[in-house]
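Per-entry structural report
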Amino acid sequence: MEINLKDLLKKYKSHPYEDHEIKTAHTGIVHLNVEDGQEVSGPTGRWKHRPGTLLYVLEREGNPKRITSMYTGFVTGLRKELDSNFVQAGVPVMVIRHSLNKDEIIDRILREVLYVFPAPQRARYFFTPEVAAAMEKEGANILNIKDGDEIVIMSLMKRDTLLSYLGPPGVLYKVYFRHGDLIEQGAPLLGICSPERLPFVERMIQRIRTEWDD
Amino acid sequence: MDQKRLLDSGKYISELTDRINYIADIKGGIEWGSLRDLLDRVQAVRKKMFDLQEDELFVELDQVDRRLEFLEDQVAQDLSPIETVNIVRSPQRFTLQDILENCYDSYTELGGEGECNIDPAVVVARATITRRVKNKLYYHQVMVIGHEKGFGEEFRNGGCAKPWGNEKALRYMKVAEIEGIPIHSYIFTPGAYPVEDYPGAAQQIARNLFRMSRITVPIVAFVSEGGSGGAEAMGLADLRLMASRGYYSVISPEGAAAIEGRIKEGGKVPRELVEHCADQLKMTAEDNLRLKTIDRIIEEPPLGARRGDFKFFRRLRYEMVKATDEVVLETKSFRMFRSYALKRQSQERSNGFHDEFDIHIKWSLTDSEKKRLIELRSRKYRAMGKGYKELRQSIGSRLSEAVETVRQNYYDIRYGLLRQHSRQVQKLIEEVSSEGSVFLKTVTEPVRATYDFVLPKPKVTNGINQQDIFRRSIFMQDWEQYISPLANEDKTVSCPNSEKYGCRDLWVPDLYGEFCGVCPTCGHHFPLEYQWYLENLFDPGSVREFNNHIISANPLKFQGFDEKLKKAIKRTGRRSAIITFDASVFDIKIVVAMLYSDFRSGTVGSAEGEKFIRACDRARVTRRPFLAYIHTTGGIRIHEGTLGVIQMPRCTLVVREYIDSGGLYIVVYDNNSYAGPVASFLGCSSYQVGIRSSRIGFAGPRVIRETTGADVPPDYHSAKNALKRGHIQGIWDRREFRKNLFEALMTMGGPHLYYK
């Protein structure tokens with residue numbers, strides 16, 4: 001499917017947010033704890049073990065359940081009329097609007113523009129020595145990849161397996177792992193950009209980095 | 001000014017600056033008294049040192065000196081406990097390195113030097129110490145083990161031993177035992193470094209205590225900074241000396257203040273509260289001597305010894321030699337010599353210390369002396385830390401005490417005299433049987449049959465087929481009727497794992513009734529009251545409590561603690577955090593000690609320690625397996641100070657005696673088990689099991705964050721991780737507890753549930 005890059009850019013320019021609708025998990029009485037426009041934070045801590053801002057308490061059968069924010073942003077579309085009232089399951093209570101920063105916008109655009117090659121297994125990943133040498137010499141962005149190329153080594157339990165690239169041909173635009181990192185299954189490994197789209201993508205990212213305000 | 005005088009003045013200035021800073025350390029800042037003014041004067045002299053006339057310079061410095069002397073006297077006269085703590089924490093205070101340099105003639109550091117060391121906070125050295133007798137020198141070899149705080153060396157962690165550091169200490173204690181040389185242990189630690197990585201802070205301290213209780217060489221400990229569990233890892237000694245300006249405490253005054261003042265993490269603890277807690281904790285040398293948690297005080301200069309106090313090091317050397325002599329002499333079977341030598345020593349002491357000794361005493365021990373050493377160590381610790389109260393017993397209780405004495409005699413005869421005899425006969429029969437094989441069988445069989453008839457084997461299951469027991473469902477027992485009072489509420493609760501595993505809300509009567517407090521989706525165990533276990537774990541009607549007359553008290557007169565105790569007593573109807581009782585599991589008789597959460601969070605004080613010891617002894621006398629079920633323990637009770645801490649070595653020593661005599665000791669952790677008890681009499685068990693969803697560790701997450709500066713993952717202390725680290729040997733489901741305990745008793749307990 002052809003992606004209109006200009007439209008994509010326009011979309012993020014006009015609405016640099018990510019909206020997360022908060023719905024009730026089950027029936028119960030809602031006790032709101034936030035105001036419209038209030039800033040809220042998501043879970044914090046190295047293991048995300050400290051819960052985010054308390055949004056509301058949903059009480060059912062004497063069991064008050066604290067619903068905390070999973071996202072950082074601010075509250076919009078708060079349905080105040082639900083406060084202290086019984087609601088059904090799946091009823092939207094509010095929207096948490098998360099403001100995207102430059103890096104998040106670039107990341108999202110790239111995810112839409114690039115072909116992402118995922119990690120087939122939870123393992124450590126390395127570039128093959130030839131690819132690593134070429135990247136060191138000439139930079140990653142000019143490395144042309146086509147279907148069947150062996151560019152990555154998957155290392156698991158002391159057994160190294162060469163991975164063949166499966167996907168459309170293009171230029172290796174983004175590497176999502178560091179040499180020897182342990183990558184979870186399904187996490188992105190490589191982002192491939194078609195050669196004809198490459199100049200435009202580069203220009204667009206340049207513009208976002210230099211012109212857009214955070 | 002000539003060169004020599006110039007050098008003298010430089011030294012003089014530097015010495016005065018150090019003294020000013022030292023007083024500032026003690027008083028908590030340079031703003032005390034006229035310290036700031038004196039420091040300014042010294043610095044002014046330093047700046048214009050080359051412009052001043054010699055006389056002018058020395059007159060000014062002498063004035064500062066006199067003023068400082070006055071201030072030092074003033075500080076020394078009215079030294080508060082928190083100021084004693086400040087003395088110990090001062091970077092100018094002597095450390096183990098100074099002791100090694102000044103008290104010992106030569107030493108070789110073992111296990112690495114400086115930073116290149118498995119744990120630079122623990123220093124081990126093979127050292128030589130001399131004794132002068134009538135102008136003749138005698139050399140003694142000793143193993144010196146202790147904490148090194150370093151002088152601003154970050155890698156020393158301020159003397160906080162990591163688990164592998166304590167392991168190193170233990171390793172070299174064993175070396176000393178093999179070589180038959182005494183151990184001199186120097187304690188300079190604010191506490192152990194609270195990490196759970198293998199071998200684990202708590203578990204390693206427990207192993208150290210367990211092993212030290214039976215080390216067959218004299219151990220003399222010297223305490224300068226005794227921070228709770230960290231100190232105990234090297235502190236189980238035959239003679240415990242303490243520096244007069246040292247402190248030995250269950251917790252740091254700041255830690256106690258944070259608990260007492262309920263200060264939130266990161267919050268500032270008021271200075272007054274810290275001072276108050278330092279006073280209440282009774283942590284000074286005089287306090288500890290009064291509480292009998294140490295044997296003797298080594299006098300320091302009024303404001304504590306510093307690196308350059310050579311007179312103090314001479315005294316310390318003398319005291320260490322003398323203390324080792326005393327320990328050795330106490331073991332001597334030749335009483336005349338022992339009493340003569342001890343008399344000479346006390347005369348020396350009354351005459352004040354000097355470098356010379358009247359007699360030379362060899363520090364090697366014979367086998368019988370080693371045995372006596374262990375006996376004396378046991379006796380010493382059993383007599384310590386008795387800060388509990390005993391209620392007057394009713395006639396019934398006295399009667400039961402008399403029954404107890406009779407019972408003890410009965411068991412002594414049954415398992416001492418007769419068992420010994422029966423074993424020998426059994427062994428003889430077995431040997432004859434195996435030698436003569438089939439031929440002799442015809443001869444021995446009638447003898448064996450007669451023997452079995454006269455001395456039958458104990459029927460451990462009382463006629464119950466073991467296979468039948470395993471086939472029984474726990475829901476088919478008589479004790480099914482007990483339902484937790486928690487189940488009486490008509491509401492639902494959410495499982496804490498609901499986000500991860502999608503657990504549905506649980507209706508409380510179901511959860512605490514049919515489900516035994518276990519989430520049917522993920523298996524999470526909700527906490528249950530200790531009564532549930534009393535009712536469901538043991539055979540109905542088999543629980544018989546004992547030693548209820550031993551009750552918790554407030555031996556330190558800790559302000560406000562009496563009220564807290566009263567509240568706990570009112571709430572629980574009990575008078576200590578431990579319940580000790582006889583019980584049976586599928587007709588196997590066992591002795592149980594249960595620490596429970598409702599009474600002061602299951603913290604261990606003198607009463608708890610004493611009850612635990614008596615329960616352990618009861619298990620030893622009656623030759624029964626001993627179960628320590630830990631419903632919850634929050635550690636050592638801080639309000640009892642070192643009387644609580646001393647329960648760590650005390651109880652471990654008794655557990656060791658029980659295990660050595662052949663007992664089966666099983667520890668089961670439930671809910672939360674932390675700190676001192678885990679780092680001693682619980683962690684030393686070979687068989688430790690966690691109930692699912694329990695947490696086991698040394699220090700809680702907050703203490704770890706505050707001590708190490710590193711955050712810990714939320715499941716850091718989980719039973720699963722404790723199992724992965726090798727701290728525990730298994731995880732049991734609460735619903736399978738009874739069955740698993742029975743299995744454990746049968747499989748680990750041997751044919752008679754008692755090894756020897």
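Report follows, based on the coordinates. Worth saying up front: this structure is predicted, and the values here are computed from it rather than measured. (Residues numbered from 1 in each chain as written. Chains lettered and ligands numbered in written order. Predicted model: local features only at pLDDT ≥ 70, side-chain atom pairs only at ≥ 80, totals over all residues. Heavy atoms only, no water.)

What follows deals with the overall build of chain A. Helix and strand content of chain A: four helices and 16 strands. Every one of the 214 residues in chain A was classed for burial, and the buried ones make up 39%. Residue pairs in contact within chain A that sit at least 24 positions apart in sequence constitute 72% of those at least 6 positions apart. A total accessible area of about 12,600 Å² is found for chain A, and carbon and sulfur atoms account for 50% of it. (Helix = DSSP H or I, 4+ residues; strand = E, 2+ residues; numbered from the N terminus. Buried < 20%, exposed > 50% of the residue type's maximum accessible area, 1.4 Å probe, protein only. Contact = heavy atoms within 4.5 Å. Areas by Shrake-Rupley, 256 points an atom, 1.4 Å probe, with all protein chains shown as cover.)

In this section: the overall build of chain B. Regarding its fold elements, chain B presents 27 helices and 23 strands. Counting across all 756 residues of chain B, residues that qualify as buried make up 55%. Across chain B, the fraction of contacts at a sequence separation of at least 24, relative to all contacts at a separation of at least 6, is 74%. Accessible surface, chain B as shown: approximately 33,400 Å² in total, 51% of it carbon and sulfur.

Here the focus is unusual backbone geometry. Residue and element names in this part refer to chain B. Residues Tyr198 and Pro199 are joined by a peptide bond in cis, for which omega reads 5°. Its place among the elements puts Pro199 in the loop between strand 6 (183-189) and helix 7 (201-212). Of note in this structure, Phe586 is not a glycine but carries a positive phi near 50°. Counting through the fold element by element, Phe586 comes out in the loop between strand 16 (578-585) and strand 17 (588-595). Looking at Phe586, the relative accessible area reads 6%, which means it is buried. Its identity as a non-glycine residue notwithstanding, Ala675 has a phi of 65°, on the positive side. By secondary structure assignment, the location of Ala675 is in the loop between strand 20 (672-674) and helix 24 (678-682).

Residue and element names in this part refer to chain B. Applying the stated rule across the entire model yields 59 salt bridges over all chains. Between Asp238 and Arg377 there is a salt bridge, with its nearest N and O atoms 2.6 Å apart. Taken together, the residues span a long stretch of sequence, with Asp238 in the loop between helix 8 (228-235) and strand 8 (239-249) and Arg377 in helix 14 (residues 367-382) at a distance of 139 residues. The residues Asp238 and Arg377 share a single accessibility class, namely buried. Its salt-bridge partner being Arg296, residue Glu326 comes within 2.6 Å of it at the nearest N-O pair. Here Glu326, found in helix 12 (residues 310-331), pairs with Arg296, found in strand 9 (residues 296-298); they are 30 residues apart in sequence, far enough to count as distant. No difference in accessibility class separates Glu326 from Arg296, as the two residues are buried. (Salt bridge = Lys/Arg side-chain N within 4 Å of Asp/Glu carboxyl O.)

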